[in-house]
Amino acid sequence: QFDPNISDSMKLQARFGIPHKKRRQLWLIASGGLKLLTQIGDVWPASKKSADTVMPSENSKFGSAIDILTFLPPAISRKVNKFLHVLWSQNQEIDFSPLIPTVAALLLLYMEVPLAYISIQSMINKSRQDSWYFTLTQDQFLASVHAFGELVEKKSQPVSHHAKSLNLNIAQIGLSLFPVFFLPFMPLPVALTLFDSFVIEGRKVLY
């Protein structure tokens, strides 16, 4: 089923963590990757070949403030770096989306490269409509950070007031928090459990 009915019970189960052996399948379906794969096939070889003609750029990290590659083992870091270059070469209109590198690294933990690629491309395609998974411009990102600040003020005033007492801006804290929400500072089991819900429910889970 390419468009599974995401029930409340499924969301609840995801928040307790999906079993390791189910993650690859669930992420592929919930991200829309499987549906896109049936529509256009395996595009990784062609995308990789096309990317070979594009000069590497700092933008291939999609504006991430913290280079998560430095926190990964060298072999994995090289793999993710090459993956991001191919992804960016096909999505060069994205000028700022610092969550993409982290999501790519997590997908590659459980998926073969072609499946991770089709999954994150589907997530990007969906985000072009409503920022479901990613903000794709700096303006969108800053707007989401401002909304985060307003939400904290509304839902958790003690946290907001404590931040102000320390002369901190809660929105600025969000500015540094969102790009590294899953990695590299969160323990991996926790990051994966949150990521399960992120793939099913989208970026709103981070709020």
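Now for a quick tour of the structure. (Residues numbered from 1 in each chain as written. Predicted model: local features only at pLDDT ≥ 70, side-chain atom pairs only at ≥ 80, totals over all residues. Heavy atoms only, no water.)

Here we come to the overall build of the protein chain. When its secondary structure is counted, the protein chain shows 11 helices and zero strands. Sequence-ordered secondary structure for the protein chain, helices as α and strands as β, is α-α-α-α-α-α-α-α-α-α-α. In terms of C-alpha radius of gyration, the protein chain reaches 17 Å, essentially the compact-globule figure of 17 Å for 207 residues. A principal-axis box enclosing the C-alpha atoms of the protein chain has dimensions of 55 × 40 × 35 Å. A buried classification covers 44% of the 207 residues belonging to the protein chain. Mean positive and mean negative side-chain charge positions of the protein chain (20 and 15 charges, respectively) differ by 6 Å. (Helix = DSSP H or I, 4+ residues; strand = E, 2+ residues; numbered from the N terminus. Rg over C-alpha atoms; globule rule 2.2 N^0.38 Å. Buried < 20%, exposed > 50% of the residue type's maximum accessible area, 1.4 Å probe, protein only. Lys, Arg positive; Asp, Glu negative; His and termini not counted. Charge placed at Lys NZ, Arg CZ, Asp CG, Glu CD.)

The next subject is the pattern of salt bridges. Side-chain pairs of opposite charge can arise where the charged atoms are in close proximity. On inspection of all chains with the given rule, the structure shows five salt bridges. Taking the shortest distance from any N to any O, the salt bridge between E112 and R24 comes out at 3.1 Å. Placement of the pair is E112 in the loop between α6 (100-110) and α7 (113-130) and R24 in helix α2 (residues 20-30), with a sequence separation of 88 residues. The class of E112 is partly exposed, set by a relative accessible area of 41%. R24 gets classed as partly exposed once you look at its relative accessible area, which sits at 35%. (Salt bridge = Lys/Arg side-chain N within 4 Å of Asp/Glu carboxyl O.)

For the rest of this paragraph, the subject is the side chain of D196. You can see D196 is positioned in helix α11 (residues 188-201). A residue is classified by how much of its surface remains accessible, and D196, at 0% relative accessible area, is buried. There is a polar contact of 2.8 Å between the side chain of D196 and the backbone nitrogen of I18. Here D196 is in contact with A14, G17, I18, R23 and W27, once residues within four sequence places are set aside. (Polar contact = N/O pair within 3.5 Å; in protein donor to acceptor, adjacent residues only side chain to side chain. Contact = heavy atoms within 4.5 Å.)

Throughout the structure, instances matching the rule amount to 14 aromatic pairs. Looking at K126, its charged tip hangs above the ring of W132, at a distance of 4.8 Å from the centre. (Phe/Tyr/Trp six-rings, centres within 6.5 Å; stacked < 30°, edge-to-face > 60°. Lys NZ or Arg CZ within 6 Å of the ring centre and 35° of its normal.)

The next point concerns the packing of helix α3 (residues 33-40) against α7. The contact between α3 and α7 brings their axes to 8 Å, and the two run at 100°. As far as their axial angle goes, α7 and α3 are roughly perpendicular. Side by side, α3 and α7 meet where G33, L36, L37 and I40 of the first sit next to L115, I118, S119, Q121, S122 and N125 of the second. Residue composition of the contact of α3 with α7, grouped by class: five nonpolar, five polar and no charged. (Axes fitted to C-alpha atoms, helices over the stretch in contact; angles between N-to-C directions. Parallel < 35°, antiparallel > 145°, perpendicular 65-115°, else oblique. Nonpolar A, V, L, I, M, F, W, Y, C, P; charged D, E, K, R; others polar.)

Let us look at the side chain of Q121. Counting through the fold element by element, Q121 comes out in helix α7. Here Q121 falls in the buried class, since its relative accessible area comes to 12%. The contacts of Q121, once residues within four sequence positions are left out, are L36, L87, N91 and R128.

In this section: the nonpolar core. In this structure, F83, F134 and F198 are the most contacted members of the largest nonpolar core, which totals 58 residues. Among the elements of the structure, α2, α4 (44-51), α5 (74-89), α6, α7, α8 (138-155), α10 (170-177) and α11 are those that each provide at least two residues to this core. If we ignore the near neighbours within four places in the chain, the residues touching F198 are L99, V103, M123, Y133, F134, F182, R203, V205 and L206. (Core = buried A, V, L, I, M, F, W, Y, C linked by side-chain atoms within 4.5 Å.)

This paragraph deals with the environment of G174. Among the secondary structure elements, G174 is positioned in helix α10. Note: C-alpha distance between G174 and L142 (32 residues apart in sequence) is 9.6 Å. Those residues in contact with G174 that lie beyond four places of it in its chain are V145, F148 and P179.

If you check α7, its first and last C-alpha atoms are 26 Å apart, about what 18 residues at 1.5 Å a residue would give, namely 26 Å. Taken as a whole, α7 has its buried residues at V113, L115, A116, Y117, I118, S119, I120, Q121, S122, M123, I124 and S127. Its buried side turned inward, α7 meets α2, α3, α4, α5, α6 and α11. One or two positions beyond α7, positive phi appears at S131, with a value near 55°. (Expected span 1.5 Å × (residues − 1).)

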